[in-house]
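# Remarks on the overall topology
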Amino acid sequence: MATTAIIYTEKYLAHNPGRDHPESPQRLMVIMQELKANGFFEKGFCSLVKPEKGTIEDLKLVHEEDYIKLVESYCRAGGGVLDLGDTVVSKESFNVAQCAVAGSLKAVNLVSKGLFHNSFALVRPPGHHAGAYYARGFCIFNNIAIAATHLLKRHGFKRVLILDIDAHHGNGTQELFYHSANVLYVGLHQDPTGFPGTGFIDEVGEGEGVGYTVNIPFPFRINNAIYLEAFDQIILPIVEQYKPQFILVSTGFDMHYTDPVASLGLTIHGYAEIFERILNVASKLCDGKVSAILEGGYSLIVLGKIASAVIAKMSQAPLIFEDEQAPKPPEQVAKRAETIIQEVKRTQSRFWNLK
Ligand SMILES: [Zn+2]
């Protein structure tokens, strides 16, 4: 049996936000091409699994009915700009977005039933900026939030970790679980002042959810070393204390230094190291149960390579990938990052034991 399920269908290519839009069907095409070229399926490390048809009931796990109907009728009428900015839909987009949700649910079902060790849902459109009643930042339905709610309500899980490693803060996901202790939302992202305007250190959850939201807003241009330092000093100790029963990873590939939309400075090796840590902590705490769900990432020249590096870690495939020389962050960036890491530690020490 293959270790890792890759959930994908060509249907995901049918959502078309327009010719020059960065969230293009080519993103998934280059990823699939590279996975095939590296022999993940042929050599039995991964199995390709298609999603089932999604249902409206799945969408209703986090979205309001009026919003679902609005998206559906808007797409049926031919599409256009769904929010005030950059979430553009075409005629097919409602069906594709529903199918992205179905793919995310398939990913967690296969792992929770023990059919695969872990899984990666290669879906589009992405989801983590979408809220209960709004589309935003290329996202229509919140795939990962629906997957988490599905695990809580339909599989009886009590503690689910959502680790959001997209370069942008997952405002929609954070908002949906802001009052809940059943989901620990952890977001590491670039300075969110310009977009999406949330994801600052003092956003820690409310009510029963106090202490179950963790934000690390990095300055632009940080590198692997700074990111991993924050991961080791803050994220891993908190996750070990939370003891999640399932780990969901909002996986954006836009932290890479070549990304045309975001402004961080990580490399392919950085991604591999992040996943090594996630998989290690998962095998220690929750029997290795990890499902990754694709969010952003727009640098077509490296998307396939990052996905391969990550999936090689997940499936334990021996894959050698080239080292890259990322630009070094300026000294003031490293200093600022250090200050932020200390501030997050101070803030989160109210809830967790952090050295
Ligand atoms: Zn992003």
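None of these values were measured; they are calculated from a predicted model. Residue positions are counted from 1 within each chain, in the order its sequence is given. With pLDDT at 70 or above as the cut-off, local features in this predicted model cover only qualifying residues; side-chain atom pairs require 80 or more to be listed or tallied, and sums for whole chains, interfaces and linings still use all residues. Hydrogens and water molecules were not included; the side-chain quantities draw on all heavy atoms of the structure.

### Describing the overall build of the chain
The criterion, for reference: In this description a helix means any DSSP run of H or I spanning at least four residues, a strand means any run of E spanning at least two, and both kinds are numbered starting from the N terminus. For this measure, only C-alpha atoms enter the radius of gyration; the expected value for a globule follows 2.2 Å times N^0.38, where N is the number of residues. Working definition: with a 1.4 Å probe on protein chains only, accessible area under 20% of the residue-type maximum means buried, over 50% means exposed, and in between means partly exposed. Contact definition: two residues touch when any of their heavy atoms are within 4.5 Å. Accessible areas in this description were obtained via Shrake-Rupley with a 1.4 Å probe; residue shielding takes into account the shown protein chains only. Positive: Lys, Arg. Negative: Asp, Glu. His and the chain ends are not part of the count. Lys charges are placed at NZ, Arg charges at CZ, Asp charges at CG and Glu charges at CD.
Of regular secondary structure, the chain possesses 10 helices and 10 strands. Here the C-alpha radius of gyration of the chain, 19 Å, is about what a compact globule of 355 residues would show, namely 20 Å. Taken along the three principal axes of its C-alpha coordinates, the chain extends 55 × 45 × 40 Å. Here the chain holds 355 residues, and the buried ones make up 61% of them. A separation of at least 24 residues holds for 77% of the contacts in the chain among residues at least 6 apart in sequence. Roughly 14,100 Å² of accessible area belongs to the chain as shown, and the carbon and sulfur atoms make up 50% of that amount. A distance of 5 Å separates the average location of the 33 positive side-chain charges in the chain from that of its 38 negative side-chain charges.

### Brief notes about the pairing of strand β1 (residues 4-7)
Remark: a regular strand shows side chains that alternate across the two faces of the sheet. Stated precisely, the cut-off is as follows: Note: two strands are recorded as paired if DSSP finds a minimum of 2 bridges between them.
Judged by which residues are buried, β1 turns out to be covered on both faces: T4 and I6 on one side and A5 and I7 on the other are all buried. Across 4 bridges, the pairing between β1 and strand β2 (residues 46-49) is parallel. Within β2, the residue paired with T4 across the bridge is C46.

### Examining the coordination of the zinc ion
Applied cut-off: Each metal site is built from N, O and S donor atoms within 2.8 Å (3.2 Å for Na, K and Ca), and since water is not included, such sites may look incomplete.
At 2.0 to 2.1 Å from the zinc ion lie its protein donor atoms, namely D166 (OD), H168 (ND1) and D254 (OD). Each donor residue of the zinc ion lies on the same chain, and together they follow the pattern D-x1-H-x85-D. In this pair, the class of D166 matches that of H168, namely buried.

### Describing the environment of K305
Within the secondary structure, K305 is located in helix α9 (residues 303-315). On the accessibility criterion, K305 (29% relative accessible area) is partly exposed. In the structure, K305 is positioned 271 residues away from E34 in sequence and 6.9 Å away in space, judged by C-alpha atoms.

### Let's talk about the environment of C99
Of note, C99 is situated in helix α4 (residues 93-112). When its relative accessible area of 8% is taken as the criterion, C99 is described as buried. C-alpha of C99 to C-alpha of P51: the two residues are 48 residues apart in sequence and 7.1 Å apart in space. Setting aside anything within four residues of it in sequence, one finds C99 in contact with T9, K11, Y12 and P51.

### Observations regarding the pattern of salt bridges
Quick note on the threshold: Salt bridge, as used here: a side-chain nitrogen of Lys or Arg that lies within 4 Å of a carboxyl oxygen of Asp or Glu.
This structure, assessed with the given rule, holds 13 salt bridges. Of the charged contacts, one joins E72 and R76 as a salt bridge, the two residues approaching to 2.7 Å between their closest N and O atoms. Here E72 and its partner R76 are both found in helix α3 (residues 65-76), 4 residues apart, which amounts to about one turn of the helix. Among the residues examined, R76 registers a relative accessible area of 47% and is labelled partly exposed. One salt bridge connects R277 with D232, and the closest N-O pair in it is separated by 2.7 Å. Residue R277 is found in helix α8 (residues 268-285), and its partner D232 is found in helix α7 (residues 224-242); the two are separated by 45 residues along the sequence. Given the relative accessible area of 34%, D232 is considered partly exposed. Among the charged side chains, a network of salt bridges with common partners joins E57, K60, E65 and K69.

### Details of the environment of E203
With respect to the secondary-structure elements, E203 resides in the loop between β7 (183-190) and β8 (213-218). Separated by 12 residues in the primary sequence, E203 and N215 place their C-alpha atoms 7.0 Å from one another. Setting aside residues up to four positions removed in sequence, E203 forms contacts with H169, Q174, Y178, T198, T213 and N215.

### A word on the side chain of K289
Topologically, K289 is positioned in the loop between α8 and β10 (290-294). Despite being buried, K289 has no salt bridge partner; D287 is the closest side chain of opposite charge, sitting 4.2 Å away. Contact partners of K289, with chain neighbours within four places excluded, come to V111, S112, H117, Q245, F246, I247 and A282.

Taken by themselves, the reported measurements are silent on function.
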